[in-house]
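Structural overview for review
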Amino acid sequence: MLKEFRDFLFRGNVIDLAVAVVIGTAFVAIITAISNGIINPLLAVIGGPGDIGLGFRLAADKPATFVQVGPIITAVINFLIIAAVLFFVLVLPAARLKKRFRPDDTTLTDSEVLIQIRDLLAEGQTSSGGRHEF
């Protein structure tokens, strides 16, 4: 059981996954710093005077009922930035490399495979005179 666990850990994709998590965490920290340093102040300007920020109050006389819209907008912007970077840096180049190095990577449907088998069997019957030798 320990050997299987060791094989699992050193398989390669587990190590790649761990590296990806660490890099992803560092990247999220960078995007969060950009949001806190640039996006949040811009949203505060839009929100008007005061330190509360962008949002609205449900009850005018109760400050605890303030609904903050700024953090939601910041989270959406963070998500879009991270998704765009992942797409343009990882997904798109990987798809291009796959297409470049595997241009004939065509997958057949089950029906197409069965049709090819049928044709090969029919071809084998006509060439052997209708006899099958197994």
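Residues numbered from 1 in each chain as written. Predicted model: local features only at pLDDT ≥ 70, side-chain atom pairs only at ≥ 80, totals over all residues. Heavy atoms only, no water.

Describing the overall build of the protein
The condition that has to hold: For the purposes of this entry, the term helix denotes a DSSP run of H or I that reaches at least four residues, the term strand denotes a run of E that reaches at least two, and both are numbered from the N terminus. Relative accessibility under 20% of the residue-type maximum defines a buried residue, over 50% an exposed one, and the middle range a partly exposed one, all with a 1.4 Å probe and only protein chains included. Any two residues whose heavy atoms approach within 4.5 Å are treated as being in contact. Accessible surface is estimated by sampling points in the Shrake-Rupley manner with a 1.4 Å probe; for residues, cover comes only from the protein chains shown.
Tallying secondary structure elements over the protein gives four helices and two strands in all. Secondary structure elements in the protein, listed N-terminal to C-terminal, are α-α-β-β-α-α. Sorting the 134 residues of the protein into buried and exposed places 7% on the buried side. In the protein, 30% of the contacts between residues at least 6 apart in sequence involve partners at least 24 apart. About 11400 Å² of surface is accessible on the protein, with carbon and sulfur atoms providing 68% of the total.

Quick look at the packing of aromatic side chains
As a reminder, the rule being used: Any Phe, Tyr or Trp ring, taking Trp's six-membered ring, that has another such ring centre within 6.5 Å forms a pair; planes under 30 degrees apart are called stacked, those over 60 apart edge-to-face, and the others tilted.
The tally for this structure, following the rule as stated, stands at one aromatic pair. Relative to Phe88, the ring of Phe87 lies with its centre 5.1 Å away and its plane at 80°, an arrangement referred to as edge-to-face. Assessed through its relative accessible area of 38%, Phe87 is described here as partly exposed. Overall, the relative accessible area of 55% leaves Phe88 in the exposed class.

A few points about the pattern of salt bridges
Side chains carrying opposite charge are able to pair once their charged atoms draw close together. Using the following cut-off: The salt bridge criterion pairs a side-chain nitrogen of Lys or Arg with a carboxyl oxygen of Asp or Glu, the two atoms within 4 Å.
Across all of its chains, the model carries one salt bridge by this definition. Arg118 is paired through a salt bridge with Asp119; the nearest N and O atoms lie 3.1 Å apart.

Some thoughts on a nonpolar patch on the surface
This is how the line gets drawn: Surface patches are drawn from residues lacking salt bridges whose relative accessible area is over 30%; two like charges belong together within 9 Å, two nonpolar side chains (Val, Leu, Ile, Met, Phe, Trp, Tyr) within 5 Å.
On the surface, Val85, Leu86, Phe87, Phe88, Val89, Leu90 and Val91 cluster together into a nonpolar patch covering about 630 Å² of accessible area. Along the chain, Val91 turns up in helix α3 (residues 70-101).

Considering the side chain of Ser35
Residue placement: Ser35 occurs in helix α2 (residues 13-47). With a relative accessible area of 1%, Ser35 lands in the buried category. Apart from the residues lying within four places of it in its own chain, the contact partners of Ser35 are Asn40, Pro41, Thr74 and Asn78.

Comments concerning the environment of Asn40
Relative to the elements of secondary structure, Asn40 occurs in helix α2. Put simply, Asn40 and Gly70 are 30 residues apart on the chain and 7.2 Å apart in space, counted from C-alpha to C-alpha. Beyond its immediate stretch of four places on either side in the chain, Asn40 contacts Ser35 and Thr74.

Some thoughts on α3
Applicable threshold: Any helix carries an expected span of 1.5 Å times its number of residues minus one. Bend, at a single residue, is the angle you get between axes fitted to the 7 residues ending at that residue and the 7 residues starting at it.
For α3, which comprises 32 residues, the first-to-last C-alpha distance of 45 Å matches the rise-based estimate of 46 Å (1.5 Å per residue) to within 8%. Within α3, the axis deviates most sharply at Phe87, by approximately 40°. Among the residues of α3, Gly70, Thr74, Asn78 and Ile82 are the ones counted as buried.

Details of the side chain of Asn78
With respect to the helices, strands and loops of the structure, Asn78 is situated in helix α3. By relative accessible area, Asn78 is classed as buried at 15%.

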